[in-house]
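Residue-level structural notes
Read off the chains here:
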Amino acid sequence: MDMNDVDLSLHQIEQMALVAVKVHESLMGSDTAPGFFQMPAEDSELLSFSIYDPLKRVRALRAELQPPESATAPVLTLIRARLD
């Protein structure tokens, strides 16, 4: 498996996690908003952890694979003595 395969896999996992995050956010409706599904706080905490923790880890791994655009490569400078 090369780096492109790893990057593609991480991208797909991240997309699935983002879908789960959106679902989780929609399940957290308030008592004053009829028609919203709500879940017990314990279940919500478990769902929240199971969604956000892998998402955080995937993003950290992707950041290691793709350094930010602002990152600069080290430059080697050679200085030669003048032979006068």
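Cut-offs and rules
Residues numbered from 1 in each chain as written. Predicted model: local features only at pLDDT ≥ 70, side-chain atom pairs only at ≥ 80, totals over all residues. Heavy atoms only, no water. Helix = DSSP H or I, 4+ residues; strand = E, 2+ residues; numbered from the N terminus. Buried < 20%, exposed > 50% of the residue type's maximum accessible area, 1.4 Å probe, protein only. Contact = heavy atoms within 4.5 Å. Areas by Shrake-Rupley, 256 points an atom, 1.4 Å probe, with all protein chains shown as cover. Polar contact = N/O pair within 3.5 Å; in protein donor to acceptor, adjacent residues only side chain to side chain. Salt bridge = Lys/Arg side-chain N within 4 Å of Asp/Glu carboxyl O. Expected span 1.5 Å × (residues − 1).

Counting secondary structure elements, the protein contains 2 helices and 0 strands. Buried positions account for 17% of the 84 residues belonging to the protein. Here the analysis covers contacts within the protein between residues at least 6 apart in sequence; of these, 63% occur between residues at least 24 apart. Accessible area of the protein: about 7300 Å², with a carbon and sulfur share of 61%.

The next subject is the side chain of Asp-53. As for its placement among the helices and strands, Asp-53 is situated in helix α2 (residues 41-65). Polar contacts involving the side chain of Asp-53 include one to the side chain of Arg-57, which spans 2.8 Å.

Here Asp-7 is to be found in helix α1 (residues 3-27). What Asp-7 contacts, discounting residues up to four positions off in sequence, is Arg-62, Leu-65 and Gln-66.

Our focus in this paragraph is the pattern of salt bridges. A complete count under the given rule lists 5 salt bridges for this structure. Between Glu-14 and Arg-59 there is a salt bridge, with its nearest N and O atoms 3.2 Å apart. Of this pair, Glu-14 sits in helix α1 while Arg-59 sits in helix α2, and the two are 45 residues apart along the sequence. Given a relative accessible area of 11%, Glu-14 falls into the buried group.

With 25 residues, α2 should cover 36 Å at 1.5 Å per step; its first-to-last C-alpha distance of 36 Å lies within 8% of that length. Those residues of α2 that fall on the buried side of the exposure criterion are Ser-44, Ile-51, Asp-53, Leu-55, Val-58 and Arg-62.

Bringing the environment of Ser-50 into the picture now. Looking at the secondary structure, you find Ser-50 in helix α2. Sequence-wise, Ser-50 and Ala-20 are 30 residues apart; in three dimensions their C-alpha atoms are separated by 9.5 Å.

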